[in-house]
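Structural features, examined
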Amino acid sequence: MLDYSPVPRIAHVVGMSVFCLVGAFQFSPALRMRRTWHRMAGRVLIPAGFIAALSGVWFGFSFSGPADEVAMAMIRLVCAVAMTGFLVLGVIAIRRRDFAAHGAWLTRAYAIAVTGGTQALVFLLWSIVTGEVVNAFGGPFLVAAGFAVNSVVAELIIVRRARASRARASRALVS
């Protein structure tokens, strides 16, 4: 890294920890219905998410590690940029009071944020199934697989929410 200051690392760890831990509670329908709690949590989560994502972008642009880790750094950079974009779109959506779009964009951002755990699981499963330790050439593919798994799960959650919302709307019309 070009900047050996611990500030970007600390910012990333703190921002990501807050975003991932508090963000998990935003998936609870009971807590989401409590508008005061949801708004207060959101006012903490959005800045924490931006700190986490933008420090990730910083890491990508300032990467100066071994050449065999460049591909992995670039995958992470692309995902950090995507997370930043999803947060921006989520904020725009909530300002327009488009709650469905807001939830979809922030679900996508959250899926990227928690990919570290998914990547660890993917690496572990790869090692168990193949009996091989992941090398520098396979690592980027497994990192990308972790992002892909979380993205697919996020999209399934978004589709399920949209179907449930349409079903509620049609039941309301029938009543």
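Given the structure is predicted, the values throughout are model-derived calculations rather than measurements.

Some words on the overall build of the protein
- Scanning the protein from terminus to terminus reveals seven helices and zero strands.
- Helices and strands in the protein line up, N terminus first, as α-α-α-α-α-α-α.
- Its C-alpha atoms put the protein at 65 × 40 × 20 Å along the principal axes.
- Out of the 175 residues in the protein, the part that is buried amounts to 34%.
- In the protein, the share of contacts with a sequence separation of at least 24, taken over all contacts with a separation of at least 6, comes to 68%.
- Accessible surface computed for the protein: about 10800 Å², of which carbon and sulfur atoms make up 72%.

Comments concerning the confidence of the model for the protein
- Taken over all residues, the pLDDT of the protein has a mean of 89, while the share at 70 or more is 96%.
- In the model of the protein, helix α2 (residues 29–33) stands out as the element of lowest mean pLDDT, 82, in contrast to helix α5 (residues 99–113), which has the highest, 96.

Brief notes about the nonpolar core
- Grouped together as the largest cluster of nonpolar side chains are 20 residues, with contacts concentrated most on M16, F19, M83, L87 and A113.
- Elements that contribute at least two residues to this core include exactly α1 (7–25), α3 (35–61), α4 (70–95), α5 and α7 (139–174).
- The element best represented in this core is α3, accounting for six residues.
- In contact with M83, not counting residues within four places along its chain, are M16, F19, G49, A52, A53, A109, I112 and A113.

Re the packing of α3 against α4
- Where α3 contacts α4, the two axes come as close as 8 Å, and the packing angle between them is 150°. The orientation of α3 with respect to α4, classified from their angle, is roughly antiparallel. Where α3 crosses over α4, the handedness of that crossing is left-handed. Here α3 contributes I46, G49, F50, A52, A53, L54, G56, V57, G60 and F61 to the contact with α4, which in turn contributes M74, L77, A80, V81, M83, T84, L87, V88 and V91.
- When its residues are assigned to classes, the contact of α3 with α4 shows 15 nonpolar, four polar and no charged.

Some details on the side chain of R108
- Along the chain, R108 falls in helix α5.
- When neighbours within four sequence positions are excluded, R108 is seen to be in contact with F86, A154, E155 and I158.

As for the state of the cysteines
- As enumerated under the stated definition, the model contains zero disulfides in all.
- Take C20: it sits in no disulfide, and the sulfur closest to it among the cysteines is that of C79, at 14 Å.
- Among the residues examined, C20 registers a relative accessible area of 17% and is labelled buried.

A short note on the pattern of salt bridges
- Inspection of the entire model under this criterion finds two salt bridges.
- The residue R96 makes a salt bridge to D98 at a minimum N-O spacing of 3.3 Å.
- Since its relative accessible area comes to 54%, R96 is described here as exposed.

Considerations on the packing of α5 against α7
- Between α5 and α7, the least distance of the axes is 9 Å, while the angle of their chain directions is 155°. Taken as axis vectors, α5 and α7 run roughly antiparallel relative to one another. For α5 against α7, the interelement crossing comes out right-handed. Between α5 and α7, the contacting residues are G103, A104, T107, R108, A111 and I112 on the first element and F147, N150, A154, E155, I157, I158 and R161 on the second.
- Along the lines of polarity and charge, the residues of the contact of α5 with α7 split into seven nonpolar, three polar and three charged.

As for the environment of S64
- Among the secondary structure elements, S64 is positioned in the loop between α3 and α4.
- By relative accessible area, S64 is classed as partly exposed at 41%.
- Spatially, the C-alpha atom of S64 lies 21 Å from that of L142, the residues being 78 residues apart in sequence.

Rules used throughout
Residues numbered from 1 in each chain as written. Predicted model: local features only at pLDDT ≥ 70, side-chain atom pairs only at ≥ 80, totals over all residues. Heavy atoms only, no water. Helix = DSSP H or I, 4+ residues; strand = E, 2+ residues; numbered from the N terminus. Buried < 20%, exposed > 50% of the residue type's maximum accessible area, 1.4 Å probe, protein only. Contact = heavy atoms within 4.5 Å. Areas by Shrake-Rupley, 256 points an atom, 1.4 Å probe, with all protein chains shown as cover. pLDDT = per-residue confidence, 0-100. Core = buried A, V, L, I, M, F, W, Y, C linked by side-chain atoms within 4.5 Å. Axes fitted to C-alpha atoms, helices over the stretch in contact; angles between N-to-C directions. Parallel < 35°, antiparallel > 145°, perpendicular 65-115°, else oblique. Left-handed = near helix turned anticlockwise from the far one by under 90°. Nonpolar A, V, L, I, M, F, W, Y, C, P; charged D, E, K, R; others polar. Disulfide = S-S within 2.5 Å. Salt bridge = Lys/Arg side-chain N within 4 Å of Asp/Glu carboxyl O.

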